[in-house]
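Structural characterization, general
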Amino acid sequence: MSWNGSAITKFFGIFVSQMISEAETSALYTSLKGTVEVGGFNDYRGGGHFSGRLTLGLVAAGVVAKKILGRKVKIESRIVEIDDCNNPDDFPKIVEEALRAQDSVGGIVECTATGVPPALGEPFFDSVESTMSHLLFSIPAVKGVEFGAGFAAARMRGSEHNDPIISPDGTTATNNAGGIVGGLTNGNPVVVRVVIKPTASISSPQITLNTESGKPEELRIKGRHDACIALRAPVVVEAAAAVALCDLTLIARRFGRRLKRALRTPKDTGKSYPSSDLPEEPDLAAGFAFMLKIYTFVLYF
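Keep in mind it's a predicted model, so treat the numbers as computed, not measured. (Residues numbered from 1 in each chain as written. Predicted model: local features only at pLDDT ≥ 70, side-chain atom pairs only at ≥ 80, totals over all residues. Heavy atoms only, no water.)

1. Digging into the pairing of strand β7 (residues 206-210)
Here β7 runs beside strand β8 (residues 215-219); their pairing, made up of five bridges, is antiparallel. Paired with Q206 across the two strands is L219, which belongs to β8. Once β7 ends, the chain turns through four residues before running back antiparallel as β8, passing G214 with a positive phi of about 80 degrees. (Pairing = 2+ DSSP bridges. Helix = DSSP H or I, 4+ residues; strand = E, 2+ residues; numbered from the N terminus.)

Next up, the structure:
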């Protein structure tokens, strides 16, 4: 069994994403309370609009985004931790133990994008982190996002966290910034990690509010539920990252102001960034044609 998001993407990642099922009990309760005032419209079946099934569209968009980004940009994701364990060989055992205990476990997914040109990003509100986080937090069960060293930076000093530039093209000795400085890409790999919480729907009895009696009562959830939805997340995280980078690339292509400045010859070095650092001209026709094939395939099945 592969734990690599890229491999899943190649083999019908869209349908893997479609199979995600997490009945967000507390989220549904919040939704019901909020929608009563507007007529109570809330389809709670299968988790409603909190279900991971909705990531189907996001994964489809990610496929098209990768086509537009071109071959120079490589985006891969993988599970780096499950239940406080970072050894992939132990992941199946941990998930199986949680399943037997009628419980669930969470995990962390790391996504890396290489070949990303410098100066992508639209500060202040649409920095690379802002744009990517916005999409990542739309994935059900995502409770945290960090870039580069992330939260570990709080325990580092500036001398440790700073990434020394060792090449005129912007390559750094370390990558604590995660390939993003000042909200803009710096030409180094963009590294983002996403926290996936344990599945809310578990077979073990839990205490929750009975909305009819108004009192807390024991709840037993029936049916099939994933012991670890983090296993399904890499393909979705990868797609979200691709969509964010594609959007920023199209903006850069349209306005081009930052990329043009980045490609100018620096006065102090006498060198310029190679033109190959520019993202390939988006092939929108090929992208949409590929999406049409996807929809045809989905409708066929």
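Having seen the model, we can carry on.
2. Thoughts on the environment of L58
Here L58 lies in helix α4 (residues 55-69). The buried category is assigned to L58, whose relative accessible area is 15%. Here the alpha-carbon distance between L58 and V236, two residues 178 residues apart in the chain, equals 7.0 Å. Those residues in contact with L58 that sit more than four places away from it in its chain are L135, S138, I139, V236, A239, A240 and V243. (Buried < 20%, exposed > 50% of the residue type's maximum accessible area, 1.4 Å probe, protein only. Contact = heavy atoms within 4.5 Å.)

3. A short note on the side chain of E110
Within the element layout of this structure, E110 appears in strand β2 (residues 107-114). Looking at E110, its side chain comes within polar contact range of the side chain of R193, at 2.9 Å. Apart from residues no more than four positions distant in its own chain, E110 is found in contact with E76, S77, R78, V80, V191, V192 and R193. (Polar contact = N/O pair within 3.5 Å; in protein donor to acceptor, adjacent residues only side chain to side chain.)

4. Let's talk about the pattern of salt bridges
By the definition in use, this model includes seven salt bridges. Between D226 and R232 there is a salt bridge, and its shortest N-O distance comes to 3.0 Å. As far as burial versus exposure is concerned, D226 and R232 are alike and both buried. Through salt bridges with shared partners, a single network forms among R78, E110, E146 and R193. (Salt bridge = Lys/Arg side-chain N within 4 Å of Asp/Glu carboxyl O.)

5. Considering the nonpolar core
With 52 residues, the main nonpolar core has I75, I82, M132, L136, I139 and I196 as its most contacted residues. Broken down by secondary-structure element, the contributors of at least two residues to this core are α4, β1 (74-82), α5 (91-100), β2, α6 (128-136), β3 (142-147), β6 (190-196) and α8 (233-255). For this core, the element with the highest residue contribution is α8, accounting for 13 residues. Excluding its chain neighbours within four sequence positions, the residues that come into contact with M132 are F147, V190, V192, A241, A244 and L245. (Core = buried A, V, L, I, M, F, W, Y, C linked by side-chain atoms within 4.5 Å.)

6. Considerations on the confidence of the model for the protein
Chain-level statistics for the protein give a pLDDT mean of 80 and a share of 68% at 70 or above. Taken together, the stretch residues 1-25 has pLDDT below 50 and engages in 71 contacts with residues farther than four places along the chain or on a different chain. Confidence drops under pLDDT 50 across residues 34-38; counting only partners more than four residues distant or on other chains, this segment forms three contacts. (pLDDT = per-residue confidence, 0-100.)

7. Focus: the packing of aromatic side chains
Using the criterion set out here, one finds one aromatic pair in the structure. Relative to F125, the ring of F124 lies with its centre 5.1 Å away and its plane at 85 degrees, an arrangement referred to as edge-to-face. According to the relative accessible area criterion, F125 is exposed, its value standing at 68%. (Phe/Tyr/Trp six-rings, centres within 6.5 Å; stacked < 30°, edge-to-face > 60°.)

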